[in-house]
Amino acid sequence: MELVKLLFPLVSLLLARLSGASFVGSSVPRNITSMFTFGDSYIDTGNLVIMAKTVSFPVWNDKPPYGITFFGRPTGRFSDGRVIIDFIAAKFGLPFLPPSLANSSDISQGVNFAVGGATAIEVGFYERNNLVPFKLLNNSLDVQLGWFEALRPSLCNTTGATGSGDCSFGKSLFIVGEFGVNDYSFFFMANKTEAEVRSYVPKVVKTIASAVERLINDDGAELVVVPGNPPIGCSPTILTLRQTTNAASYDRTGCLRDVNNVVTYHNALLRAAVGVLRLKHPRATIVYADFYTPIRRIIDNPGDFGVARGSALKACCGTGGDYNWNGSAVCGMPGVAACPDPSAYVSWDGVHFTEAVNRYVAQGWLYGPYADPPILKAVQVRH
């Protein structure tokens, strides 16, 4: 067992570096025929770019060097290449999921409703309580569910979408999240204390749990993956915005304790909520996907993953400061360059992860150990 633990990071690194290779166990499961995903910029595949154009909202992820590692061009993804859901879709033999706002003519194998900047709690809450100094785009979790439900009649008439030509989504994989990162970021940016931000966590988690239940009860979802939050107290953006001379604010790796305390509290409540949902809906399979541990494992042990210790908390694409992130010169802006080897970094642009990290997380969700149960095991049990 100890030997397995020692070898696991090294094997994962080799898989992450082989960006054109398949996952271990190259056979393609045939029992998932479509995917429907909801979330924010960690898995957005172009919705924010489309949405921003309608309201003249500034975005930079539609410009180089976004997309350089895999696509060779910007695609609306917040990474140098593929995001987590791209790897999961590929494992099931599915194509890249079209962003819902693209109004693709081919939705038979799934749609991605995730939008950069999306919150769990509806946006009016933040505006009414003066928690943000700007107008938010209306793309919260509830709104995304509404988009799915508006599209459902089309899906019901598409044989490939459900595997049966009806509205039974028994062969569909739903991914709800992560959600919460933007909610907590807004609270912290509004100068809320750790205790104050923690007080909002139950509301965020309840919103996510209610969305999962809505998909099961109203939309017939039978297999739902619910990811927790990553350690945003280790992100270059948060580290820069909340930088302090108080050494006690940082853990031994250099991440912010108060921010990550909120994240771990969120993840604990969300995991418990998933447990309750399983009891209430025994016919559905609900997977809790751990987004925190894989990122911490890389940051805490960078050498095991080909990441230089001095780069573990820095953005690959950015400029200036201790964390190579500057809010006035972010990735995609003129003159902001990317590092020579994104796979040697954890953070791509100060907020989002490199393709290598996204691949590692996706592998951990599909095969374990970062999902309960692993997605592939959940699929096998159901079919």
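Below you will find a few notes about this structure. Just so it is clear, the structure is predicted and the values come from calculations on it, not from any experiment.

**Examining the nonpolar core**
By size, the foremost hydrophobic cluster in this structure holds 102 residues, and its most contacted members are Phe38, Ile88, Phe92, Leu173, Trp365 and Ile375. At nine residues, helix H9 (residues 201-219) tops the list of elements feeding residues into this core. Every residue in contact with Trp365, bar those within four places of it in the chain, is listed here: Ile84, Ile88, Pro227, Ala289, Asp290, Phe291, Tyr370, Ala371, Pro374 and Ile375. By size, the runner-up hydrophobic cluster in this structure holds 13 residues, among which are Cys316, Ala329, Val330 and Ala344.

**Considering the state of the cysteines**
Taken as a whole, this structure holds three disulfides when the rule is applied. Sulfur-sulfur distance for the disulfide between Cys317 and Cys331 comes to 2.1 Å. Its torsion about the S-S bond being 95°, the disulfide of Cys317 and Cys331 is classed as right-handed. Highlighted residues: Cys317 in the loop between helix H12 (292-300) and helix H13 (355-367) and Cys331 in the loop between H12 and H13, separated in sequence by 14 residues. Cys317 sits in the buried class, given a relative accessible area of 0%.

**So, the packing of H12 against H13**
At their nearest, the axes of H12 and H13 sit 9 Å apart, and the two run at 130° to each other. For the element pair H12 / H13, the angle class is oblique. Crossing hand, H12 versus H13: right-handed. Only Val357, Tyr360 and Val361 of H13 make contact with H12, whose side of the interface consists of Pro294, Ile295, Arg297 and Ile298. Considered class by class, the residues forming the contact of H12 with H13 number six nonpolar, no polar and one charged.

**A few points about the layout of surface pockets**
Of the voids in this model, the largest pocket is the one considered here, and its volume is about 1100 Å³. Phe78, Gly117, Asn182, Val351 and His352 are, among the 38 residues lining the largest pocket, the residues nearest its centre. Among the elements of the structure, helix H7 (181-189) and helix H10 (236-241) are those that each provide at least two residues to the lining of the largest pocket. Considering only residue class, the lining of the largest pocket consists of 23 nonpolar, twelve polar and three charged.

**A look at the sheet that holds strand E4 (residues 223-227)**
Overall, mixed pairing links the six strands, which are arranged E2-E1-E3-E4-E5-E6 in an open sheet. Only two strands of the sheet have a single partner each, and these edge strands are strand E2 (110-112) and strand E6 (371-372). Inspection of the sheet shows strand E1 (residues 34-38) paired to strand E3 (residues 172-176) by five bridges, in the parallel sense. Within E3, the position partnered with Thr37 by the bridge is Ile175. Helix-sheet contacts for helix H3 (residues 84-91) involve E1, E2 and E3, and the interaxial angle to E1 is about 165°.

**A closer look at the packing of aromatic side chains**
For the structure on display, the rule yields 27 aromatic pairs. For the ring pair Tyr42 and Phe291, a centre distance of 5.4 Å and an interplane angle of 70° mean the geometry is edge-to-face. One end of the pair, Tyr42, is in the loop between E1 and helix H2 (47-55); the other, Phe291, is in the loop between strand E5 (285-289) and H12, with 249 residues separating them in the sequence. An aromatic cluster is defined as three or more aromatic residues linked by ring pairs; in this entry it consists of Phe36, Phe38, Phe113, Phe148, Phe169 and Phe174. The residue whose ring lies beneath Arg198 is Tyr265, and the NZ or CZ to ring-centre distance is 4.0 Å.

**Observations concerning the pattern of salt bridges**
In the structure shown here, the tally under the stated rule is 14 salt bridges. When the shortest N-O distance is used, the salt bridge between Asp300 and Arg296 registers 2.8 Å. Taken together, the positions of Asp300 and Arg296, both in helix H12 and four residues apart, correspond to about one turn of that helix. According to the relative accessible area criterion, Asp300 is buried, its value standing at 17%.

**A look at the side chain of Asn324**
Within the element layout of this structure, Asn324 appears in the loop between H12 and H13. At 2.7 Å, the side chain of Asn324 and the backbone oxygen of Ala315 are in polar contact. Ignoring any residue separated from it by four or fewer positions in sequence, one finds Asn324 in contact with Lys314, Ala315, Cys316, Cys317, Gly318 and Thr319.

Rules used in this analysis
Residues numbered from 1 in each chain as written. Predicted model: local features only at pLDDT ≥ 70, side-chain atom pairs only at ≥ 80, totals over all residues. Heavy atoms only, no water. Core = buried A, V, L, I, M, F, W, Y, C linked by side-chain atoms within 4.5 Å. Buried < 20%, exposed > 50% of the residue type's maximum accessible area, 1.4 Å probe, protein only. Helix = DSSP H or I, 4+ residues; strand = E, 2+ residues; numbered from the N terminus. Contact = heavy atoms within 4.5 Å. Disulfide = S-S within 2.5 Å. Axes fitted to C-alpha atoms, helices over the stretch in contact; angles between N-to-C directions. Parallel < 35°, antiparallel > 145°, perpendicular 65-115°, else oblique. Left-handed = near helix turned anticlockwise from the far one by under 90°. Nonpolar A, V, L, I, M, F, W, Y, C, P; charged D, E, K, R; others polar. 1 Å grid on protein atoms, 1.4 Å probe; cavity = no way out; pocket = protein on both sides within 12 Å on 5 of 7 lines; lining within 4 Å. Points joined across faces, edges and corners; volume = space filled by probe spheres on them. Pairing = 2+ DSSP bridges. Phe/Tyr/Trp six-rings, centres within 6.5 Å; stacked < 30°, edge-to-face > 60°. Lys NZ or Arg CZ within 6 Å of the ring centre and 35° of its normal. Salt bridge = Lys/Arg side-chain N within 4 Å of Asp/Glu carboxyl O. Polar contact = N/O pair within 3.5 Å; in protein donor to acceptor, adjacent residues only side chain to side chain.

Don't take any of this as a statement about function, it's just geometry.
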